[in-house]
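# Secondary and tertiary structure notes
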Amino acid sequence: MIDANGSRFDLLLGRADWERCRLDDGSPSPRTLASLWGDPSLDESTPLRFDERDSHVILAPQASRFHAAADDAPPQGTMRRGAAADANGNVYAIVDGGARIEVRSAGSGRLSTFWPSAEHTAALPPLGDFAPAPPHAGLTPPEARLLSGLAVLKGQHLVAGFAPNSSPTSGLLVFDLLAGGPPLELSWPSPWVMSPIDMAPRPCGGLAVLDQHHRVWLLNRQLGMVAVDPAMAAHAAHPADFGPHPTAALPPDEAAPAPASPEPWFPLAPQDLGGGQAVAIEVMPDGAVVVLVDAAADGFARICLYDQGLPRGQATTKVLRDVFSPQERDSVKLRGFDFAWHATPAGTADQPVPRLVVLSDEGNQAFIFEVRRQANALKLTALPDFLPLRRFNGMRLASLGAARAEGDTGLLYRSQDSQQDRWLPLVCQRRLKHVLGASLITPAFDAREAACVWHRVMLDAQVPRGCRLRVASRCSDDPAVLADLPFVDEPDPVLRPDGSELPWLLNAPGSVTDGARGLGTWELLLQACQGQWLQLRVRLEGNELSTPRLGALRAWRPRFSYLQRYLPAVYREDAASADFLERFLALFEGGFTTLEDRIASASALFDVRSAPADTLDWLASWLGLVLDPSLNEVRRRQLIRHAVPLFQYRGTPQAIRLATQLTLSPEVADEEFALPASPQQAPRDPRWHVRVVESYQTRQLPPELLGETPVNDAPRLLQQQGARWSVQEGAAGLQQRWQAWVQAQGGAASAPPFAPVPPAGLPVSVWQGFCETTLGSVPQLARELQAAWLTHVDSGQAKGLGPSLPQRWPEGSSEAARQQQQAWRTFIGQLSPRLARSLKRWQGFLARRHLRIGNLRASTGANWPEFALVPAPIAVPTETVPLADWTAFETRVVPIGERAHSFSVLVPVSGPESDLDELNRQLDLARRVIELEKPAHTRFDVRPYWAMFRVGQVRLGLDTLLGDQVNKAALAPPLVLGEGHIGASRTALRREVPPDRILLEC
């Protein structure tokens, strides 16, 4: 980049540039930030971090302690019996010492008893009216059970473990949350006894159970026991070097002993427990089991990993000390009370690093750890997030499985205040502590010229109140001695009142000055930096509660000297005064250069790609455009960029389609503006295939096929186009079809010949139906002319002419012939305007077809002196030429004329989520745009695609071509009863079908 005075800058922007900097920790050879940020073992203790969300360098966040209040009681282990949430958000928990399961409704938030219900607690039938009912065999009071361990499986089954008071047997209660009803009791097979502590669902739909004897039981999706053989798993992982071949036969007397039957459980390794107690269990996505040990000898909880019954590593939560300040590290302890998986945050990668939320046994705070599995090792990385709990009562955490907002863990905990118990979300609070200060040293910048005077430093940063940015510099012409020079402090940067010094960043997001938050471009003038090489030390200072955020650094050089360029030499004679004057004038040079840069970059205002958003209306006015306020910035720029081709083709189907698509579509490729193009050219995204249907092209389609509601809405049979009469069949073929049609309608065996005028003695509907089916249109001109001629004859003005419409010109020079000729001219001159236009259309068609009246006489045998006197035929011509003329006019010219200058625009909108208001808004916007783009003499209507579909009818034609991706969810949202439209929606399930259910569908 070069400014108006020829100065350039060196830039640090983005993670790759900041990683080239070194951490100023006082060591002789400081390490680069790349090495510190890339080493997980050092990343936690690095005082500087790179925030990936906005690409800023910040002071490292630190964890903070949340001390319990004086009246807060630590949670009791007796309350830790089990809690879980189903797919609908209902939360279940074991309460009353294991005697009852309580549920919190996701809809009302109320707490109620889920089990046992009233019918489960009734020991005997109710008493009768007069005497006790007789005892029933087999009806005994249910045995009191103490529940411990609770989980919701993938198939939406709630499983609770129990161990009765009076017998050593144990088992599971299985509740079907979808079907309802009483639970299914599964007794644990003898001789095993299972005393559950915690349960966790497995990815396969099964269950993992941790019991009090430090054992883990694995159940499949049918809740059958899964045999676990650690020895076989170890052998599979590390096979022996030598051994018999699996297929080698042994002598009968040396048969191999039968292997011992594997147990359906595996024990926890004593070295993993470390003297502590296993208190919770979870299952990883790959099926491995992790167990929480409350505390080892060092006072910190442990996370132990088991895969196929073998210990695969254990890690201590002592790494939590790395995210605390040095003053608090010695006092930090973490005894685990419970743990659960952190829900995947929105907008993260497809496979983020798994996170565990570990709850302290103090009951007032939780901590987040990233879990990385490396072969037979487990690595934990503590995060400095602040997760306080309010009056935690000791129940286990319940996982909703999804994070609803930023900072949400997707977990719920039970809070007990003075009035009621409530389930509260466990949320990361924005109360992070930060390192007080840290410094970084930039790479050496090369000016590529000796004795260069470095000008100024620009810092795109956010410096909140109470924070500070400090800059020091060192400069030399010899890079070998640069590292040995001391840093010289520069003046504190000052926030520029008018934003960035770069013209294209003046209105960019994040560069606008915000004095309250210290957001913008901070500027400092380098005092005495002269040399080819420059190195800066930038120190970020915070107040623990907030931190400066450094986004970019620009070092400008060389300085444009007003003293050297514009003032006489006398001002440079004294070195001290010249140095002061040089720096004093540099203050004005910075402001003047910014103005000069804006003037020099004025051409960017006329480029739609670089013009600021608030100048787009002004730029569009140069082209005579008025931008619709509903268009976003991207659509505005694209419309201005392609305004010239749109103006050239304004009023054409291509321009109307593109203008509508540009208004409604979220994205329109620039290649689609390459005109001329087919008006039905499909865009890249078929969801936004706007189609312009000109009405004259649908002249051969009945109204039912066009989505229009006919008067008679009963089902009917629509003939195919191949069943229509053609000119090649001749007049005889048309008459044969007519006779067959009349007989099929119940008429006489011999009917009057077919004519363009309805014959007498037959219903008009029979004649009209034959015309629609066989010809594709109903002749109107001859019928109306015949009716008008009869009126003219009745008035006595047609002397010498009969009641039938004349088909030949009265020839001769006699008085009678002249009267007949005058009567015909008078009749044509007295026609109504509408009928006169229809007759002129017929006469003009003949004139264009035969060019001269002599050609018409020769080919048809007519004797009319001019085209303006030729009437429409009232009988079907038998000769080839007049038959072709009549057929082309009635089946093509007339339908095209009736449908000319009208069109329909089909837009693929169904309303986001079937929102009728949004649908109407989009249709109104499309009408507004089309009204501006269409020719003035045309009329139009706008319809959504789904308006073309009707129950009980099938239309195949130009207007119903939807493409190959009509079933896309964005085009057809899920149908909502009472709100959606048939054809505009699709039937869909809102959640995944459980694996043990069968989907019933048509």
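Whatever comes next refers back to the structure up there.
Description of the structure in this document. Starting from 1, residues in each chain are numbered consecutively following that chain's sequence as written. Local features in this predicted model are restricted to residues whose pLDDT is 70 or higher, and side-chain atom pairs enter the listing and the counts only when it is 80 or higher, whereas totals over whole chains, interfaces and linings include all residues. Working from all heavy atoms in the structure, the side-chain values ignore hydrogens and water.

Here the focus is the side chain of Gln-365. Mapped onto the elements, Gln-365 comes out in strand β24 (residues 365-374). A distance of 2.7 Å separates a polar side-chain atom of Gln-365 from the backbone oxygen of Ser-64. In protein, a polar contact requires one atom able to donate a hydrogen and another able to accept it; more generally it is a pair of N or O atoms within 3.5 Å, and residues adjacent in sequence count only if both atoms are side-chain atoms. One polar contact links the side chain of Gln-365 to the main-chain amide nitrogen of Phe-66, over a distance of 2.9 Å. Not counting the four nearest positions on each side in its chain, Gln-365 is found in contact with Ser-64, Arg-65, Phe-66, Leu-359, Ser-360, Phe-386, Leu-387, Pro-388 and Leu-389. Each helix corresponds to a stretch of at least 4 residues labelled H or I by DSSP, and each strand to a stretch of at least 2 residues labelled E; elements are numbered beginning at the N terminus. We call two residues contacting when some pair of their heavy atoms lies within 4.5 Å.

Let us look at the sheet that holds strand β26 (residues 398-399). Taken in spatial order, the three strands line up as β26-β27-β28 in an open sheet, and their pairing is antiparallel. The strands lining the two open edges of the sheet, one partner per strand, are β26 and β28 (421-427). Across two bridges, β26 lies against strand β27 (residues 408-416) in antiparallel orientation. Residue pairing in the sheet places Ala-398 in a bridge with Leu-412 of β27. Pairing between strands is defined by DSSP: at least two bridges between the two strands are required.

Moving on to the packing of aromatic side chains. Aromatic rings from Phe, Tyr and Trp, with only the six-membered ring used for Trp, were paired whenever their centres fell within 6.5 Å, and each pair was classed as stacked if the ring planes differed by under 30 degrees, edge-to-face if by over 60, and tilted otherwise. Taken as a whole and assessed by the stated rule, the structure comprises 28 aromatic pairs. Residues Trp-188 and Trp-217 carry aromatic rings whose centres are separated by 5.2 Å and whose planes lie at 85 degrees to one another, so their mutual orientation is edge-to-face. Taken as a pair, Trp-188 in the loop between β13 (184-187) and β14 (196-201) and Trp-217 in strand β16 (residues 215-219) lie far apart in primary sequence, 29 residues in all. Residue Trp-188 shares its accessibility class with Trp-217, and that shared class is buried. Pairing Trp-217 with Trp-265 gives two aromatic rings, centres 6.2 Å apart and planes at 50 degrees, and the pair type is tilted. Residue Trp-217 is located in strand β16, and its partner Trp-265 is located in strand β17 (residues 265-267); the two are separated by 48 residues in the primary sequence. Three exposure classes are used, based on accessible area relative to the maximum for each residue type with a 1.4 Å probe and protein chains only: buried under 20%, partly exposed in between, and exposed over 50%. With relative accessibility at 19%, the residue Trp-265 sits in the buried group. Among the aromatic side chains, those forming a connected cluster through ring pairs are Trp-789, Trp-809, Trp-824, Phe-827 and Trp-864. Any Lys NZ or Arg CZ found within 6 Å of a ring centre and within 35 degrees of that ring's normal is scored as a charge over the ring. Over the aromatic face of Phe-337 sits the side chain of Arg-80, whose NZ or CZ is 4.5 Å from the ring centroid. Above the ring of Trp-265, the side-chain terminus of Arg-215 is found at 5.0 Å from the ring centroid.

For salt bridges, the criterion is a side-chain nitrogen of Lys or Arg within 4 Å of an Asp or Glu carboxyl oxygen. Tallied over the entire structure, the rule returns 38 salt bridges. Between Arg-834 and Glu-784 there is a salt bridge, with the nearest N and O atoms lying 3.3 Å from each other. In this pair, Arg-834 sits in helix α18 (residues 833-850) while Glu-784 sits in helix α16 (residues 781-794), placing the two residues 50 residues apart along the sequence. With a relative accessible area of 47%, Arg-834 lands in the partly exposed category. Judged by relative accessible area, Glu-784 falls into the partly exposed class, the value being 22%. Counted as one network, the salt bridges with shared partners bring together Asp-51, Arg-53, Asp-54 and Arg-549.

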